[in-house]
Every structure is written in C-alpha cells, then in structure tokens.
Amino acid sequence: MPRNEDGFTLSELLIVVVILGILLAIAVGFQTGARTRAGDATAQANIRIAEPAIATYYGDHGAYTGMTITILQDTYSPGIQGIHVLSAGASSYCISSTVDGRSWYKNGPGAPITSTACP
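What counts as what
Residues numbered from 1 in each chain as written. Predicted model: local features only at pLDDT ≥ 70, side-chain atom pairs only at ≥ 80, totals over all residues. Heavy atoms only, no water. Axes fitted to C-alpha atoms, helices over the stretch in contact; angles between N-to-C directions. Helix = DSSP H or I, 4+ residues; strand = E, 2+ residues; numbered from the N terminus. Parallel < 35°, antiparallel > 145°, perpendicular 65-115°, else oblique. Contact = heavy atoms within 4.5 Å. Nonpolar A, V, L, I, M, F, W, Y, C, P; charged D, E, K, R; others polar. Disulfide = S-S within 2.5 Å. Buried < 20%, exposed > 50% of the residue type's maximum accessible area, 1.4 Å probe, protein only. Phe/Tyr/Trp six-rings, centres within 6.5 Å; stacked < 30°, edge-to-face > 60°. Expected span 1.5 Å × (residues − 1). Bend = angle between axes of the 7 residues up to and from the residue.

Caption draft 1: Main features of the packing of helix α1 (residues 10-61) against helix α2 (residues 69-76). For the pair α1 and α2, interaxial distance at closest approach is 10 Å and the crossing angle is 90°. Regarding the angle of α1 to α2, the classification is roughly perpendicular. In this structure, α1 contributes A53, I54, T56, Y57, D60 and H61 to the contact, and α2 contributes I71, L72 and Y76. Here the residues of the contact of α1 with α2 sort into six nonpolar, two polar and one charged.

Caption draft 2: Geometry of the state of the cysteines. As enumerated under the stated definition, the model contains one disulfide in all. One disulfide bridge connects C94 with C118, the sulfur atoms lying 1.9 Å from each other. Around the S-S axis, the bridge from C94 to C118 shows a dihedral of about 85° and counts as right-handed. In this pair, C94 sits in strand β2 (residues 93-99) while C118 sits in the segment after β4 (113-114), placing the two residues 24 residues apart along the sequence. Overall, C118 belongs to the buried group, its relative accessible area being 18%.

Caption draft 3: Representation of the side chain of Q44. Here Q44 is to be found in helix α1. Beyond its immediate chain neighbours, meaning those up to four positions away, Q44 contacts W104 and I113.

Caption draft 4: Representation of the packing of aromatic side chains within the structure. Applying the stated criterion across every chain yields a total of three aromatic pairs. Each ring, one from Y57 and one from Y76, has its centre 6.1 Å from the other, and the planes form 80°; the classification is edge-to-face. Of this pair, Y57 sits in helix α1 while Y76 sits in helix α2, and the two are 19 residues apart along the sequence. For Y76, a relative accessible area of 22% gives the class partly exposed. An aromatic cluster is built from Y58, Y64 and Y93, whose rings are joined through pairwise contacts.

Caption draft 5: Expanded view of α1. Compared with the 76 Å implied by 1.5 Å per residue over 52 residues, the 77 Å span of α1 between its first and last C-alpha is a close match. By the largest-angle criterion, E51 marks the main kink of α1, which is about 30°, and a proline, P52, follows within four residues. Here the buried face of α1 lies against α2, β2, β3 (102-108) and β4. G62 sits one or two residues past α1 and shows a positive phi near 75°.

In structure tokens:
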C-alpha cells in the first residue's frame, strides 16, 4: 500500500523563508534610497521655487543686498519654505535648502543647484 504524504518538507519551507528574506532585504534597500532621493528632490524644488522671487527682488532693488527669506515670503512669494539666505551681495547670492540632513546650494544667479557649499 503506497504512502500518501501531503504538505511541505522542512527544506522546502526553509527555502521559501530564505527567498522571502532576500526579497525583504532588497525592498528595504530600495526604500532607503527612495527616501534620500525624495529629500534631495524636495530641497532642490525649494530652491527652484525661490528663484523667481529672488529675480524679482533683484529687478526691484538692482542688487541682492538686504535680501532675506522674510522679505521674499512677505513681498514676493509666500510659498517659499525651507530656504536659508547664506549671503546676498550686490551681484550675487547664495541660498541653501536642507532636507533630512542633506543640503543643496545655489550660488546665483547663474550657477546650478549643487550639493557643494557656495564659495
């Protein structure tokens, strides 16, 4: 009389658990990278949102001297947030935005947004 064995063996169950562990480790790695990229995108977007207000400030005053976040928010764009004016001179400025401990900078008006601090 043949023996009927239903179910899974211990080795089959262990293989499934190992595969699930590997997939979970990959998913956690992707999630961590996604959070970093999202924070970087937010910081860069904060700077891009501030650029038109800064350009308008320059158009009104002929220089960046005296530019502050409070003036930009009150006069030109209340949607500006997460920006710090590090320096503001007659013909250039430096602003930064930090999200989740990572900072991005713009040495304006013509430089790109970079992760390197302004000179």
